[in-house]
Amino acid sequence: MTTTDGRTLVESPDNGTVVVTGRLPQPALEALRAAHQVDPWDSEELIPREELLRRVRGARALVTLVTERVDTALLDAAGPQLRVVANVAVGHDNVDVPACRERGVMVTNTPGVLTDATADLAMALVLMASRRLGEGERLVRSGQPWRWSMSLLLGRGLQGRTLGVVGLGEIGRATARRARAFGMRITYSSRSPADPGVVEDLGARRLPLEELLATADVVSLHCPLTPETRHLVGAEQLALMRSTAYLVNTARGPVVDEEALVDALRAGSIAGAGLDVYEDEPRVHPGLLELDTVVLLPHLGSATEETRCAMAERAATNVLAVLSGGQPPNPVA
Ligand code: NAP
C-alpha cells in the first residue's frame, strides 16, 4: 500500500489487536492479554512512525504514550474498526480528539492516579528553584572547593510567600495543599471558580491571571495544553511578574513561550524557573541550558513505579470497557 505522501506501508492483516505503542508494566499488559491479542512495542526506544503506521492497521484499540502523535494519518492508517485510543496520561494534547470523535473513536485518559506524584514534583521544583538546590548540587559535584559561608547560594524561603496556581484542578489543588504545609498563601486563576469547599480548605483567592502573575512569589502552571493555553505565559505575562518570583511548569511545555522565558531569565526580570516540560520536547532551548537560575528535569512528573503501574492499569481498564461494549471510566470530554 502507498500513502498519499508516497510512503510504502507493509501490508498486515486485519488483526483486531490492541496495539501498545511503548513498554507497559506487566500487570496492565496481562490484563489486556487475558481478553485480547496484544501487539506491544517492547523497547525503551520510541516506536518509529513508519513502524507504528504499519502496526496499527486493523487495530481495534491503541494504547498510546504522550510521545506518540495520534493524528488523522495514524487514524486513517488504523482503519474504521478502531474503537478506542487510550492515552496513558491525563493530558491528551498529543491526540487529535475531534478527529477521533469524527471517526467514532473513543479517547480515554488516566486522571487522578498521577496527581500526587506530579504535585510532589511541582513542589520539589518550587524548592529547587527558590533554594538554588540545582546550583548547590552542581557545585559539590564540580569538585571546586567550597565551605559554609554566610553568603553561599542564598535563596528565598517559602513561609508567608504566595503560590499562584494557574489551573486549580486535581494537580493544582494537590500542589496548593503541599504549599500550604510550607506556610504559603494560595491564589489561583482558572476559567471557572473552584468548588467553595476547596477554596475554603486552601484559603485560596481567585484572581485574574494578570493579577496573579503580578502578586505571586511562585507561579505554578497546572492547566492542560489547549489552543487557549498555548503561550499563556509569554513576554507580556512574564513582564508582569516580580523580579523576585519563580515560574514552575509541570503542565506542558508550550504553555510557556520558552524564548520569552529565556529573555526574562537573562534580563533578571524574574528570579528563576523550574521546568519539567519543554516546548519542543525532548529538545531543550539552548538558552535554558546556559542559565543557572533554571532547574531542568526530563518530564518526570508521574515517574514513580506505583504511579506508572496505576496509569497503565487505568488505560487497560478503559480499553477493556470499550471493547466489551461498555462505557470506559475515563472518557475525555
Ligand atoms: P485537571 O484536573 O483537568 O485540571 C486542569 C485545570 O486547568 C482545571 O481546573 C481547569 O479549570 C484549568 N484550566 C483549563 N483551561 C484553563 C485556562 N485557560 N486557564 C486557567 N486554567 C485552566 O487536570 P490535572 O490532572 O490537574 O492535570 C493538569 C495538567 O497537568 C494535564 O493536562 C497535563 O498536561 C499536566 N500533567 C503533567 C505531568 C508531568 O509529567 N509533568 C503529569 C500529569 C499531568 P477550568 O476548566 O475551570 O479553567
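Values in this document were obtained by computation on a predicted structure and should not be read as measured data. Every chain's residues receive numbers from 1 upward, in the order its sequence appears when written. Two thresholds apply to this predicted model, a pLDDT of at least 70 for residue-level local features and 80 or more for giving and counting side-chain atom pairs, whereas whole-chain, interface and lining totals are computed over all residues. Where side-chain values are given, they derive from all heavy atoms of the structure, hydrogens and water being excluded.

1. Some words on the site of the ligand
Worth spelling out the cut-off: Nearness here has a simple test: a residue counts as near a molecule or strand if at least one of its heavy atoms is within 4 Å of that partner. Distance and chemistry together define a polar contact, namely a pair of N or O atoms within 3.5 Å, with one atom able to donate a hydrogen and the other to accept it when in protein, and with adjacent residues in sequence counting only for side-chain atoms on both sides. For accessible areas, the Shrake-Rupley method is used with a probe of radius 1.4 Å. Any residue's cover is judged against the shown protein chains and nothing else.
Lining the immediate environment of the ligand, one finds 26 residues, of which E170, I171, R191, S192 and D276 sit closest. Separating an oxygen atom of the ligand from a side-chain N or O atom of R252 is a distance of 3.5 Å. Burial of the ligand by the protein chains amounts to 85% of its free accessible area of 920 Å².

2. Points about the pattern of salt bridges
This is how the line gets drawn: By definition, a salt bridge exists where a carboxyl oxygen of Asp or Glu is found within 4 Å of a side-chain nitrogen of Lys or Arg. Only DSSP runs of H or I reaching four residues or more are called helices, and only runs of E reaching two or more are called strands; each is numbered from the N terminus.
What the rule picks out here adds up to 17 salt bridges. In this structure, the salt-bridge partner of R252 is D93, at a minimum N-O distance of 3.0 Å. One end of the pair, R252, is in the loop between β10 (246–249) and α11 (258–267); the other, D93, is in the loop between β4 (84–87) and α4 (97–102), with 159 residues separating them in the sequence. The salt bridge involving D120 is made with R178; its shortest N-O contact spans 2.6 Å. Note that D120 is positioned in helix α5 (residues 115–130) and R178 in helix α7 (residues 170–181), a separation of 58 residues in sequence.

3. Regarding the sheet that holds strand β7 (residues 185–189)
Spelled out, the test is: Strands pair, by our definition, only if DSSP identifies at least two bridges between them. Residues are treated as being in contact if the distance between any of their heavy atoms lies within 4.5 Å. Throughout, an axis means a line fitted to C-alpha atoms (over the contacting stretch in the case of helices), and angles, computed between N-to-C directions, take values from 0 to 180 degrees.
Taken together, 7 strands build an open sheet; the order of strands is β8-β7-β6-β9-β10-β11-β12 and the sheet is parallel. Pairing within the sheet leaves two strands with one partner each, and these edge strands are β8 (205–206) and β12 (294–296). Packed onto the sheet, α7 meets β6 (162–166), β7 and β9 (218–221) and runs at close to 175° relative to β6.

4. Quick notes on the environment of V248
Mapped onto the elements of the fold, V248 is located in strand β10. Not counting the four nearest positions on each side in its chain, V248 is found in contact with A122, L125, V126, V218, V219, S220, L221 and G274.

5. Concerning helix α1 (residues 26–33)
For an α-helix the count is 3.6 residues per turn, leaving residues at separations of three or four pointing the same way. Here is the rule: Between buried and exposed lies partly exposed: a residue is buried under 20% and exposed over 50% of the maximum accessible area for its type, with that area taken using a 1.4 Å probe on protein chains only. Read the arc as the range of directions from the helix axis to the C-beta atoms.
Buried within α1 are the following residues: A28, L29 and L32. Taken end-on, α1 shows its buried residues confined to a sector of 100°, consistent with a single buried face. Where α1 is buried, its residues meet β1 (18–20), β2 (38–40), β3 (61–64) and α13 (305–323).

6. A look at the side chain of H36
Relative to the assigned elements, H36 resides in the loop between α1 and β2. For H36, a relative accessible area of 18% gives the class buried. Residues contacting H36, with those up to four places away along its chain left out, are V18, R60, L320 and L323.

7. Points about the nonpolar core
For clarity, the threshold we go by: Working definition of a nonpolar core: buried Ala, Val, Leu, Ile, Met, Phe, Trp, Tyr and Cys residues. They are joined through side-chain atoms within 4.5 Å.
Residues V219, L221, L238, L247 and L261 are the most contacted members of the largest nonpolar core, which totals 30 residues. For this core, the secondary structure elements donating two or more residues are α9 (209–215), β9, α11 and β11 (272–275). With 5 residues, the single largest contributor to this core is α11. Core analysis: the second largest hydrophobic core is formed by 24 residues, A129, A204, V218 and V295 among them.

8. Focus: the confidence of the model for the protein chain
Low-confidence regions, as indicated by low pLDDT, have predicted coordinates that should not be scrutinised in detail. Our working rule: One number per residue, pLDDT, summarises how confident the predictor is, and it ranges from 0 to 100.
Across the protein chain, the average pLDDT comes to 95, with 95% of residues at 70 or higher. Low pLDDT (under 50) marks residues 1–14, which in the prediction has 20 contacts with non-local residues, meaning those over four places away or in another chain.

9. Remarks on unusual backbone geometry
Of the consecutive residues E281 and P282, the connecting peptide bond is found in the cis state with omega at 5°. The residue R132 is not glycine, and still its phi comes out positive at about 60°. As for its position among the elements, R132 is in the loop between α5 and α6 (133–142). Positive phi is not limited to glycine here, since H231 has a value of about 55°. Examined against the element boundaries, H231 turns out to sit in the loop between β9 and α10 (235–240).

10. Remarks on the sheet that holds β1
Reading across the sheet, the 5 strands line up as β2-β1-β3-β4-β5 and stay open at both edges, with parallel pairing between neighbours. Two strands close off the open sheet at either side, each with one partner strand: β2 and β5 (106–108). When the angles between neighbouring strand axes are averaged without regard to direction, this sheet yields 15°. Where β3 and β4 come together, 4 bridges link them in parallel fashion.

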